[in-house]
Amino acid sequence: AKIIQEEATLGDIITLLKLKKGEISLVELKIAEDSKSVGKQIKELPLPPETALIAAILRDGRIIVPKGETVISPEDKILALSTVENEESLKKALL
């Protein structure tokens, strides 16, 4: 499958792929130095329940498969699956 990148209207979220007839998106979020999620474990973040999943973290050229104890760092690129209606909640939880 070909990944088509499109700029989303949510600013810091880039939609990489739409799934299930556009209901679910694979999105990328870049974590800034001053993001409220920096230094927190994934399990501490107020992610939308049952509608968002952090699939991978890209850090320093490496792919990290996240666990609940994984700590978010500045400059991380978060790859997440989310329902379209919860992308804004995902953004608020991470950025």
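Residues numbered from 1 in each chain as written. Predicted model: local features only at pLDDT ≥ 70, side-chain atom pairs only at ≥ 80, totals over all residues. Heavy atoms only, no water.

**Description of helix α1 (residues 87-94)**
Residues spaced three or four apart along an α-helix face the same direction, because each turn holds 3.6 residues. Of all the positions in α1, only E87, L90, K91, A93 and L94 are classed as buried. On an axial view of α1, the arc spanned by its buried residues comes to 165°, and they lie on one face. In this structure, the buried residues of α1 make contact with β2 (13-19), β3 (24-30), β4 (52-59) and β6 (77-83). (Buried < 20%, exposed > 50% of the residue type's maximum accessible area, 1.4 Å probe, protein only. Helix = DSSP H or I, 4+ residues; strand = E, 2+ residues; numbered from the N terminus. Arc of directions from axis to C-beta. Contact = heavy atoms within 4.5 Å.)

**So, the pattern of salt bridges**
Counting across every chain of the model gives three salt bridges. Linking K43 and E69 is a salt bridge whose minimum nitrogen-to-oxygen distance equals 3.9 Å. On the criterion of sequence distance, the pair formed by K43 in the loop between β3 and β4 and E69 in the loop between β5 (62-64) and β6 is long-range, its members being 26 residues apart. Judged by relative accessible area, K43 falls into the exposed class, the value being 55%. Taking relative accessible area as the criterion, E69 reaches 48% and is therefore assigned partly exposed. Here R59 and D76 are joined by a salt bridge, their closest N and O atoms 2.7 Å apart. With a gap of 17 residues between them, R59 in strand β4 and D76 in the loop between β5 and β6 connect regions that are remote in the sequence. Judged by its relative accessible area of 17%, R59 is buried. In this structure D76 comes out as buried when scored by relative accessible area, which is 0%. (Salt bridge = Lys/Arg side-chain N within 4 Å of Asp/Glu carboxyl O.)

**Structural notes on unusual backbone geometry**
One non-glycine residue, K20, lies in positive phi territory at about 50°. Secondary-structure assignment places K20 in the loop between β2 and β3. Here K20 falls in the exposed class, since its relative accessible area comes to 57%.

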